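# Working through the structure, step by step
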Amino acid sequence: MIYTARGPIHKSELGVTLGHEHIKWETDEFKANTMYFDKKYQEDSILSDLNYIVPIMLDIKARGGRSVVET
């Protein structure tokens, strides 16, 4: 049994896995600290990130990717 953020799954459901991935890496230290410590987010930045990341993740899924291990 593997415990995931969405609940437990059988190991056969894990499928092709990307290990130790950094889906989003913030290079602006001030912005990163504001988001992490102050819980202040910039909606425009989040939407821009989603528009970039989601198509990549969907392509990975179409190629058989089923799981991501986020650090």
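Along each chain, numbering runs from 1 in the same order as the chain's sequence is written. Per-residue local features are limited, in this predicted model, to residues with pLDDT of at least 70; the limit for side-chain atom pairs, both in listing and counting, is 80 or more; totals at the level of whole chains, interfaces and linings are taken over all residues. The side-chain numbers reported here are obtained from all heavy atoms of the structure, hydrogens and water having been left aside.

### Focus: the overall build of the chain
Within the chain, the secondary structure is distributed over two helices and four strands. Ordering the α and β elements of the chain from the N terminus gives β-β-β-α-α-β. The globule rule puts the C-alpha radius of gyration for 71 residues at 11 Å, and the 15 Å found for the chain is more than 25% above it. Partitioning the intrachain contacts of the chain with sequence separation of at least 6 by distance along the chain shows that 67% fall at a separation of at least 24. Under the scheme used here, helices are H or I runs from DSSP no shorter than 4 residues and strands are E runs no shorter than 2 residues, and both carry numbers assigned from the N terminus. Only C-alpha atoms enter the radius of gyration; for comparison, a globular chain is expected to reach 2.2 Å times N to the power 0.38, where N is the number of residues. In what follows, residue pairs with any heavy atoms lying within 4.5 Å of each other are defined as contacts.

### Quick look at the side chain of S67
Tracing the backbone shows S67 in strand β4 (residues 65-70). Three exposure classes are used, based on accessible area relative to the maximum for each residue type with a 1.4 Å probe and protein chains only: buried under 20%, partly exposed in between, and exposed over 50%. Using a relative accessible area of 13% as the deciding quantity, one classes S67 as buried. Setting aside anything within four residues of it in sequence, one finds S67 in contact with L14, V16, T17 and L18.

### Regarding the side chain of T34
Along the polypeptide, T34 turns up in helix α1 (residues 29-38). Among the residues examined, T34 registers a relative accessible area of 15% and is labelled buried. Polar contacts here mean pairs of N or O atoms no more than 3.5 Å apart (in protein, one a potential hydrogen donor and the other a potential acceptor; neighbouring residues in sequence count only if both atoms are side-chain atoms). A distance of 2.9 Å separates a polar side-chain atom of T34 from the backbone oxygen of F30. Apart from residues lying up to four places away in sequence, T34 is in contact with K39 and K40.

### Side note on helix α2 (residues 43-62)
To estimate the expected span of a helix, subtract one from its residue number and multiply by 1.5 Å. If you check α2, its first and last C-alpha atoms are 28 Å apart, about what 20 residues at 1.5 Å a residue would give, namely 28 Å. A residue's bend is simply the angle between two axes: one fitted to the seven residues ending at it, one to the seven starting at it. Its maximal kink placed at I53, α2 deviates by approximately 25°, while the proline P55 follows within four residues. Note on α2: the residue one or two positions beyond its end, G64, has a positive phi of about 110°.

### Details of a nonpolar patch on the surface
Two joining distances apply to patches: 9 Å for like charges and 5 Å for nonpolar side chains (Val, Leu, Ile, Met, Phe, Trp, Tyr), and every residue must have over 30% relative accessible area and no salt bridge. Only the protein chains shown count as cover for residues, and all accessible areas are computed by the Shrake-Rupley method using a 1.4 Å probe. When a carboxyl oxygen of Asp or Glu is within 4 Å of a side-chain nitrogen of Lys or Arg, the pair counts as a salt bridge. Taken together, the side chains of Y41, I46, L47, L50, V54 and L58 make up a nonpolar region of the molecular surface, amounting to roughly 540 Å² of accessible area. You can see L47 is positioned in helix α2. Since its relative accessible area comes to 42%, L47 is described here as partly exposed.

### Describing the confidence of the model for the chain
Each residue carries a pLDDT score, the predictor's own confidence in it, on a scale running from 0 to 100. Predicted confidence across the chain gives a mean pLDDT of 85, with 99% of residues reaching 70 or more. No element of the chain has a lower mean pLDDT than α1, which averages 82, and none a higher one than strand β2 (residues 7-9), which averages 93.

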